[in-house]
Amino acid sequence: MLLHKKLCKRLILLFMTFWLSGCAPVTENNLIEEISPVTFLSISKGDKGKLKVSTIMPPLSKENKFVMSQEVSLLKEGVQKYNFNFYQEIKSGQMRMLVISDELGKDGIMSIINVLLTDPDISPRIYLVLVKGNFDEYLESQLDKDENFDYSFYRMLKHYEEKNQGELTVVNLHQFKHLLYTPYSDPFLPVFKIEEDGVNYEGTALFKDDKLVETISSLDERIFQLINNDHYLKVLPIPEFEIVLGHVRSKIIVDIDSSYSTMTYTVNIDTRIEEYRGEKQLFDPQQLENMKKDIETHLEKQTYELVKKMQELKVDPLQLGIQTKRPFSKPMEEKKWIEMFEKMDIKIKYNINIDPLTDANSKRPNL
Amino acid sequence: MMMGTHQLFKKNETYNGLYAMLLVNRLQMLYFFLIMPNILINPYMIWVLIAVGLLSQLNLLLLSKWLLTRLSSNGYNGFVQLFGKKLVRFLSFIGLFFILLKISVITLGFSEIVQTFILPSTDTNFLVFFILLLCFYVAGRGVEHTIRFVLISFFCTFWMITFFVFFVFPPIAQLSDLYPLIPMEWKVENWKAVFLILSSYSGPEFLVFLGPWLKTNNKTFRYLSYGNALTVVEYVFLFIASLFYFGSNFLSKTQYPIINMGRYLQNPVFERIDIMMLSFLLFNLVFAVSLFLLLFYGASKIAFGKMSKPTSGKGLLFSVFLIFIGMVLVNELFWKSWEKQNFLLNLQIIAGSISYFLVPLVIVLVMKKEGVKKHAST
Amino acid sequence: MFWKKKQIESKLVTQSIAESELSIEALKKSLTQMDDAEFVEIDISDIRKIHLVYIRTLIDQENLNESIIKPLTNCSKPSIQDCIVNSSIIPNHIFIEAKTKLFSGSVLLFDSSQNLWLAVPLKNPTGRAIETSETETILFGAKDSFSEQVEQNITLIRRRLPIHELKTEKFTVGSMSKTSVVLMYIEGLTNPEFVSTVKEKISEINFDLFFDSSQVAAFLEEHQNSIFPQFQQTDRPDVVAYSLGIGKITLLVDNTPFALVAPITFFHLFQSPEDYINRWVVASFLRIIRYVCFILSVALIPVYVALTTHHYQMIPIQTLLVLVESRSKLPFTPFWEAFIMLIFIEIIKEASLRMPTKTGQTLGVIGGIVIGQAAVEAGFASKVLIVMVGISTIASFLIPNYLMTKANSLIQLMLLVFSSLLGIIGIALGSIAILAHLNSMSSIKQPYLSPVSPFFGKDWVDLFIRGPLVKMLERPEHLKPLKLKRYKTRR
């Protein structure tokens, strides 16, 4: 009997604490079969300053998929509207990509980035991608052909992100935010172009703060990969000399003089010749040396133009400003740096080291 | 469950320097280190971290002096001998508030992090209830077992710091993120940061009351210093890693920098490392809160003059219940609104600094006055 | 209150019998309605009659003729004690002692001319031969195991530890079963604290029937309500000998092949005798695998439930695709799905133990098909869960200690409930509770989680790994042996 009473008392105490704590254990209903964790959102400009948010539904199961779009003024409002239109609740915890249209990019994407940053569900590893053309239409057309278009696209980005494959620019939310919020640097994003045959990688989009200002492509893009993003390129074709350099690795040395008026930008490159269709006898050391010189001057010219373009646009995706930071002095203000950067005399220097040719090429008849 | 609770404060075993070291270290790694980079911001605060660490070393020296006396191993009676009965009662009454504040801040802070990152729609009161219930269970095993729990808490939490090695290597780490290394100007907010650091080093002062269970000898100070040094290394390492990851410009904008860094890590099996990290941090929290619960119960017995009565599980339950009610009130009145939470945080920052500074200092001063001699126990 | 009185009464009754005088009549009176109690008279000469009293089923009848009746009939010496080799006099004719001897398999002899009572132990040796251990099977290493006879078991241990310091102390427990319990330890090595603790506990035992060593253990344990065993039960003499050698005590209980070894720690439950036979790297690897499997068997399904009900963010997208696919048509939530499957697995496990071997095969087939295939096709469980249940069940069998295997399922169910409530945080809360419980436990007053908590750094060489034997020069410190070093100190 005594035990009974004691137990009763304890239970009452327990219940009282429960009652005092104000609520029952409410957790979010995240049963995986009852939710739709969207894998990507595509955001483009809608009418009257609104955003057009679209995605493929349902994101995971193999039911009939369809493209869902909403015109909203706020991003999260779009997610809410999806919920009203679809039997499963939309969750953002599995978001992998954010596809932004280039028109929106030109207007600035700061607010979108901030939305993503404040949501603790969204991983800082989601990929940001800029798209030229109507992505929604493309998605519609892909639904019948390729069921898992979003997933394959994600896998592609993931593939090139890991281990620096040296082909595409891949930027995730954290990297973009980091470049956006740290002084002396501007973010960049990969650009994909919608064409009839599919989504093609075009190049890298340069941002001034959060606004798209320029897209660089072809050789400029290759150089950008080489000197900034990956410091590695699988192949670097230079059509002017009918040559393809392979496995290009670069090391950069930046030197600013004390008055911040000239900057020497040295690029050391290690590479080997992958393909050559020209007339030069590359087995001859002298000829190879000439070839090297030619490539060096060519690249120097190209890079100079690229950097010049950046100077004119006042964007600094190469984070050159960081070089001005010193351990024992107060960092200069960002504005001042940009002014200086504009006027700065930048010297580009390339040192190329080409591995001697292997005997695979020696079978050529003219030898 | 109630078995053995009647001898909560029994003393069968004493624990050697290793335990003292781990106690110091784990009590310093409670909650503040999770938000610290957010307030430190500037790279040159690394030096402040180290300097305050040295200061804390000094405190530990005083502490070890007290622990070496015979009085400390007498527990309550030792304090009575030192201060007199009335003063001890008064001091333990004040101590109740310090403990309550400390428990509230670390538990509520942790629950809020859990709510933000893991269970967004769960009321923090409910989490607090669960945590306290568990702490009651752990504390109910007695002081001895709770002190021993520090080992489990250490083994379950310490290795997590190795995750952050990822951040101190390129491409994330750029040395320029650590510039400027010396302060060019000193803002008012920096003082807050200094006190925050001081307060986060606090915690070992509670070892004063664990004298009866600690085996002290002339190596004690060395072990205490090891614990403190470990904390300094951990703080500096985490701060540098967060500087590399966020850059000092963004640090002030992120509320829970350490957890946010955890979110960036990816494991092929579990993608959100932060959820795992928080679950493991719970071990340390439960250990610390249980220890504080026992201290709270002991202090309340002293404060209300119930020393002669035997300890009971019911009494402990009652004090847990009191703490729970107090914490729910604090949560509703202060923690849930941002400005008031800041007030509470500042209060704990100040209270922590004061208690860490004054407790060993006062005790040693009184000891000097009373002429208490050291005894070298082996 | 009632029961105390009864106790006193029963004590009084036994006292009165104990005091009564030993005589044939008294024995006859107390052995009424016993078919196998035999009273035989043998005439040696005209004047001498020898009474034999024995329990037929307890003694060796062939031996009776050989070693008692033949010598007696040919006996010419004045005292029959000289004719029979291993007889002992029952002093003072104490009835209760005579009866105890009688029931432990002795033949009582009464020489009426000399008014002398003798007892000759003639226990029936029928029992199992020494066989291979079935609960702790190993591939390499000694194959013998204990049997039900305590004497034989002692022999097996003594053969491995032929030293005079190995002490055996005998106790009798059980007011009805009179089970003899033998406490073994090595004097001068084993901490006397252990011995005195166990002796004290044994003397406090007040119960009637003991048929198994685990029942004895139940009276010696300090934490009755815990699911973790505080005594290691083993039927391998080599394990026992090794344990004795590093400073533990052993209890042998008559009529059970399982010896009790104590003090043990949580980590002893993961040590297999084969660890000390394999090469140390391999053994360490296997031991780590065992720990991993314990965690898997306890936490895998709770984690699955936590992820699928609370933390979809944690699942990599590739896995999530598979999970959603397999869960989309199920009627139950992950918790109920897992709960039902786990209970089902327990049923199959239990059934396969009770079934005879031949039907056991059918059970395996039915269990396999029902779980593996039908449950998925009928839409009761997802394929992923079936795989996980399989993994966790197999993993639970890797733990060498059988009692621990049983405790596993309970921990798993507890964590399952926690995980469905609060997800990963719930699992963390549950594991803290378990660790706190383990931390506060003890086995014959020695901490259950040592050498981790309290910390004994040197003992880690034989904890999660099994270090090379040549490096294990000291006995485990946490057992507080009186001699720490395992080697002879050189002069």
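The structure presented is a predicted model; accordingly, all values stated were derived computationally and were not measured.

A. Just the state of the cysteines, in detail. All names here are of chain B. Enumeration according to the criterion identifies zero disulfides over all chains in this entry. For the unlinked cysteine Cys135, the closest cysteine sulfur is that of Cys156, found at 15 Å. On the basis of relative accessibility, which here comes to 0%, the residue Cys135 falls in the buried class. Assessed through its relative accessible area of 14%, Cys156 is described here as buried.

B. Structural view of helix α4 (residues 110-118) of chain A. Residues and elements named next belong to chain A. Here α4 has its buried residues at Ile112, Ile113 and Leu116. The buried side chains of α4 occupy one side of the element, clustering within an arc of 100 degrees when seen end-on. Opposite the buried face of α4, at more than 90 degrees from it, the exposed residues are Ser111 and Thr118.

C. Expanded view of the UniProt feature "transmembrane region" (unreviewed entry) in chain C. All names here are of chain C. Taking the numbering used here, the UniProt-annotated feature "transmembrane region" (unreviewed entry) corresponds to residues 288-310, 330-348, 384-404 and 410-436. End C-alpha to end C-alpha, residues 384-404 measures 26 Å, and it is 76% helix and 0% strand. As annotated, residues 410-436 has a helix share of 100% and a strand share of 0%, and its two end C-alpha atoms lie 17 Å apart.

D. Highlighting the interface of chain B and chain C. Contacts between the two partners involve 31 residues from chain B, matched on the other side by 32 residues from chain C. Of the roughly 2900 Å² buried between chain B and chain C, counting both surfaces, carbon and sulfur atoms make up 77%. When the buried surface of chain B facing chain C is broken down by residue, Phe130, Arg148 and Ile152 of chain B rank first, second and third, together holding 17% of it. Where chain B packs against chain C, one counts zero salt bridges.

E. Focus on the sheet that holds strand β8 (residues 232-234) of chain C. Residues and elements named next belong to chain C. With antiparallel pairing, five strands are arranged side by side in an open sheet as β6-β7-β9-β10-β8. Unpaired on one side and paired on the other, β6 (166-173) and β8 mark the two borders of the sheet. Across this sheet, the average inter-strand angle for adjacent strands is 25 degrees, counted without regard to direction. Sheet topology note: the β8/strand β10 (residues 259-262) ladder contains three bridges and is antiparallel. Bridged to Gln232 within β10 is Val261.

F. Molecular detail of the packing of aromatic side chains. Residues and elements named next belong to chain B. Enumeration over the complete set of coordinates arrives at 64 aromatic pairs over all chains. Taken together, a centroid distance of 5.9 Å and an interplanar angle of 90 degrees make the contact between Tyr223 and Tyr226 edge-to-face. Residue Tyr223 and its partner Tyr226 are both found in helix α10 (residues 220-246); the two are separated by three residues, about one turn of the helix. Tyr223 gets classed as partly exposed once you look at its relative accessible area, which sits at 27%. Each ring, one from Tyr245 and one from Tyr264, has its centre 5.3 Å from the other, and the planes form 50 degrees; the classification is tilted.

G. View of the environment of Pro170 of chain B. Checked against the element boundaries, Pro170 of chain B lands in the loop between α8 (143-157) and α9 (188-201). Distance in space between the C-alpha atoms of Pro170 of chain B and Asn346 of chain B is 36 Å, their sequence separation being 176 residues.

H. Geometry of the interface of chain A and chain B. Each partner contributes to the interface: chain A provides 40 residues, whereas chain B provides 40 residues. Taken over both partners, the interface formed by chain A and chain B buries close to 3600 Å², and the fraction arising from carbon and sulfur atoms is 63%. A per-residue breakdown of the area chain A buries against chain B is headed by Pro120, Arg125 and Lys325 of chain A, which together make up 16% of the total. Where chain A packs against chain B, one counts one salt bridge. Across the contact surface, chain A and chain B share ten residue pairs in polar contact (both at pLDDT 80 or more). Elements with a minimum of two residues in the side of chain A that touches chain B: α1 (2-20) and α7 (173-181) of chain A. The class makeup of the residues in the side of chain A that touches chain B is 18 nonpolar, eleven polar and eleven charged.

I. Seen up close, the packing of α9 of chain B against helix α15 (residues 338-370) of chain B. Residue and element names in this part refer to chain B. At a minimum axis distance of 8 Å, the contact between α9 and α15 shows a crossing angle of 60 degrees. By the angle between their axes, α9 is oblique relative to α15. In terms of crossing hand, the pair formed by α9 and α15 is left-handed. Touching Lys192, Phe195, Leu196, Leu198, Ser199 and Tyr201 of α9 are Asn342, Asn346, Gln348, Ile349, Gly352, Ser353, Tyr356 and Phe357, all from α15. Considered class by class, the residues forming the contact of α9 with α15 number seven nonpolar, six polar and one charged.

J. Up close: the environment of Lys325 of chain A. Mapped onto the elements of the fold, Lys325 of chain A is located in the loop between α9 (285-313) and α10 (334-343). Among the residues examined, Lys325 of chain A registers a relative accessible area of 15% and is labelled buried. Between the C-alpha atoms of Lys325 of chain A and Tyr184 of chain A, which are 141 residues apart in sequence, the distance is 9.9 Å. Not counting the four nearest positions on each side in its chain, Lys325 of chain A is found in contact with Tyr184 of chain A together with Ser176, Asp177 and Tyr179 of chain B. A distance of 3.3 Å separates a polar atom in the side chain of Lys325 of chain A from the backbone oxygen of Ser176 of chain B.

K. Layout of the pattern of salt bridges. Tallied over the entire structure, the rule returns 31 salt bridges over all chains. A salt bridge links Glu202 of chain A to Lys193 of chain A; the nearest nitrogen and oxygen atoms lie 3.5 Å apart. Taking relative accessible area as the criterion, Lys193 of chain A reaches 31% and is therefore assigned partly exposed. The residue Glu337 of chain C makes a salt bridge to Arg327 of chain C at a minimum N-O spacing of 2.3 Å. Taken together, the residues Glu337 of chain C in helix α12 (residues 334-354) and Arg327 of chain C in helix α11 (residues 317-327) connect sequence positions ten residues apart.

Cut-off values and rules
- Residue positions are given per chain, counting from 1 as you read along its sequence in written order.
- Think of it this way: whatever chain is written first is A, whatever ligand is written first is 1, and the rest follow in order.
- Reporting in this predicted model follows two pLDDT cut-offs: at least 70 for local features of residues, and 80 or more for side-chain atom pairs to be given and counted; totals over whole chains, interfaces and linings ignore these cut-offs and use all residues.
- Excluded from the side-chain calculation are hydrogens and water; included are all heavy atoms of the structure.
- Two cysteine sulfur atoms make up a disulfide if the distance between them is within 2.5 Å.
- We call a residue buried when its accessible area falls under 20% of the maximum for its residue type, exposed when it is over 50%, and partly exposed in between, using a 1.4 Å probe and counting protein chains only.
- Starting at the N terminus, helices and strands are each numbered in turn, a helix being any DSSP run of H or I of at least four residues and a strand any DSSP run of E of at least two.
- This arc corresponds to the set of directions leading from the helix axis out to the C-beta atoms.
- UniProt positions are given in the numbering used here, feature names are shortened, and annotations may be inferred rather than shown by experiment.
- By definition, residues are in contact when any of their heavy atoms lie within 4.5 Å.
- Summed over both partners, buried area is the accessible surface (1.4 Å probe) that two parts give up on being assembled.
- By definition here, a salt bridge exists when the distance from a side-chain nitrogen of Lys or Arg to a carboxyl oxygen of Asp or Glu is within 4 Å.
- Paired strands, in this sense, are two strands between which DSSP finds at least two bridges.
- Helix axes use the C-alpha atoms of the stretch in contact, all axes being lines fitted to C-alpha atoms, and the angles between their N-to-C directions lie in the range 0 to 180 degrees.
- Pairing of aromatic rings covers Phe, Tyr and Trp, the last counted by its six-membered ring, and requires centre-to-centre distances within 6.5 Å; plane angles under 30 degrees mean stacked, over 60 mean edge-to-face, and any other angle means tilted.
- Each polar contact in these results corresponds to two N or O atoms within 3.5 Å; when the atoms are within protein, one needs to be able to donate a hydrogen and the other to accept it, and residues that are neighboring in sequence are counted only if both atoms are side-chain atoms.
- Residues are sorted three ways: Asp, Glu, Lys and Arg are charged, Ala, Val, Leu, Ile, Met, Phe, Trp, Tyr, Cys and Pro are nonpolar, and all the rest, Gly among them, are polar.
- Angle categories are assigned with fixed cut-offs, so that under 35 degrees is roughly parallel, over 145 is roughly antiparallel, 65 to 115 is roughly perpendicular, and the rest are oblique.
- Each crossing is labelled by how the near helix is turned from the far one, with a counterclockwise turn of less than a right angle marking it left-handed and a clockwise turn marking it right-handed.

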